[in-house]
Structures are given as structure tokens and as C-alpha cells.
Amino acid sequence: MAEAKKTICDKLRMVQQKLKAPKNQYNSFGKYRYRSCEDILEGVKPLLEEVGAAIVLTDCIEQVGDRFYIKATANFMDGNDFICNTAYARESDDKKGMDASQITGTASSYARKYALNGLLLIDDTKDADTDENHNEAVGRSRSEAAKKGQATKEQNAADSANQIISEKDLKV
């Protein structure tokens, strides 16, 4: 009996389930681990071969008001059909030490990463640009300050406010 032909959704689901894209990069300034667009692509390539599909990434620049955004689209294709996901990243007004092309390049990489995250169901809840990571880092630095006896009234009040917000969020 012949095996049923897999649909594009079946193929994408298989890739999503099998993909391992560890956070192999380290930001020593922010002291956190992260994955880059290249890390995701490295992890997904063997799976694409396995299911007979490809991912094509495209960018375009869109202006909204006086700001420029990079729109990145990740297309999962099998030769017959495709599924896509889009993400946006804004170009920074100014990045010290970078020329205009580098600023656009960083926005492109960021948008592509998040287009891939959405397409491949990659959860980046602890990436550097999420509230969870920020709160974790702030909590860690406050804990370290408290251990050294340097906690201020403001820090203690902020910790209490964070606890109230967290408790409220849990009730929702």
C-alpha cells in the first residue's frame, strides 16, 4: 500500500516538531544567551532536506510616517504550495559606530529571525528583547545588590510593585 502524499502542513508540522535551535550565541554585555537567524537556518536545513521543502527569506523596506521598517517574510515551500510568515523590525534612528547599511542589516536580521520564529514555532520568551528576560535580569541584579547590602528603598518598592503585578497577572 502506497504511503499517502504529505501535505505542506504535514511537512511544516514535522519540521516544527523536530527542529532544535539552541541559543548558541552569548551577549557578554547583557549576560544572556540567544539564537541568531543563522543558528535557526543551520538547525532547519537538514529537516528541510528530509521533508523535501525549502525556506526562502525576503525583505522589503516600508515607510510608516517618518520611520522605516524592514518587512521580512519567511516562505516555507515544497514546490507546489507555500506557507509564509511576516515580521517587521524598525531601523534604529542612530547606532553609534554603525553606518546606514549596517543599521539596515541589523534590522533585516532581526526581522528575519522573528519571521522564522513565527513560521517554525520557536519560542523566544527569554530573549534579550522580551520583558521576561528584562525582569529576570533586573531581579538578578537586585538580588546581587541585596546580598551586598546595597538594596535601596526604591529597589525594595519596585520589587514589591513587581510582585503585585505578577500576582495580578496570575489571576487573569
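Counting all residues, the mean pLDDT for the protein chain is 79, and 70% of those residues have values of 70 or more. Least confident of the elements in the protein chain is helix 5 (residues 153-171), whose mean pLDDT is 36; most confident is helix 1 (residues 8-18), at 97.

The subject of this paragraph is the packing of aromatic side chains. Throughout the structure, instances matching the rule amount to two aromatic pairs. A ring pair is formed by Tyr110 and Tyr114, whose centres lie 4.8 Å apart and whose planes are at 45°; its orientation type is tilted. Here the residue Tyr110 and the residue Tyr114 both occupy positions in helix 3 (residues 100-120), the gap between them amounting to four residues, near one helical turn. Among the residues examined, Tyr110 registers a relative accessible area of 37% and is labelled partly exposed.

To continue, consider the pairing of strand 3 (residues 54-64). Pairing of strand 3 with strand 4 (residues 67-77) involves 11 bridges; the strand directions are antiparallel. Opposite Asp59, over in strand 4, you have Ala72 as the bridge partner. Hairpin geometry of strand 3 and strand 4 is characterised by an intervening segment of two residues between the two adjacent antiparallel strands and by a positive phi of about 65° at Gly65.

The next thing to look at is the pattern of salt bridges. Evaluated as defined, the whole model comprises five salt bridges. Between Glu50 and Lys18 there is a salt bridge whose closest N-O contact spans 2.5 Å. Of this pair, Glu50 sits in helix 2 (residues 37-51) while Lys18 is found in helix 1, placing the two residues 32 residues apart along the sequence.

Conventions and cut-offs
Residues numbered from 1 in each chain as written. Predicted model: local features only at pLDDT ≥ 70, side-chain atom pairs only at ≥ 80, totals over all residues. Heavy atoms only, no water. pLDDT = per-residue confidence, 0-100. Helix = DSSP H or I, 4+ residues; strand = E, 2+ residues; numbered from the N terminus. Phe/Tyr/Trp six-rings, centres within 6.5 Å; stacked < 30°, edge-to-face > 60°. Buried < 20%, exposed > 50% of the residue type's maximum accessible area, 1.4 Å probe, protein only. Pairing = 2+ DSSP bridges. Salt bridge = Lys/Arg side-chain N within 4 Å of Asp/Glu carboxyl O.

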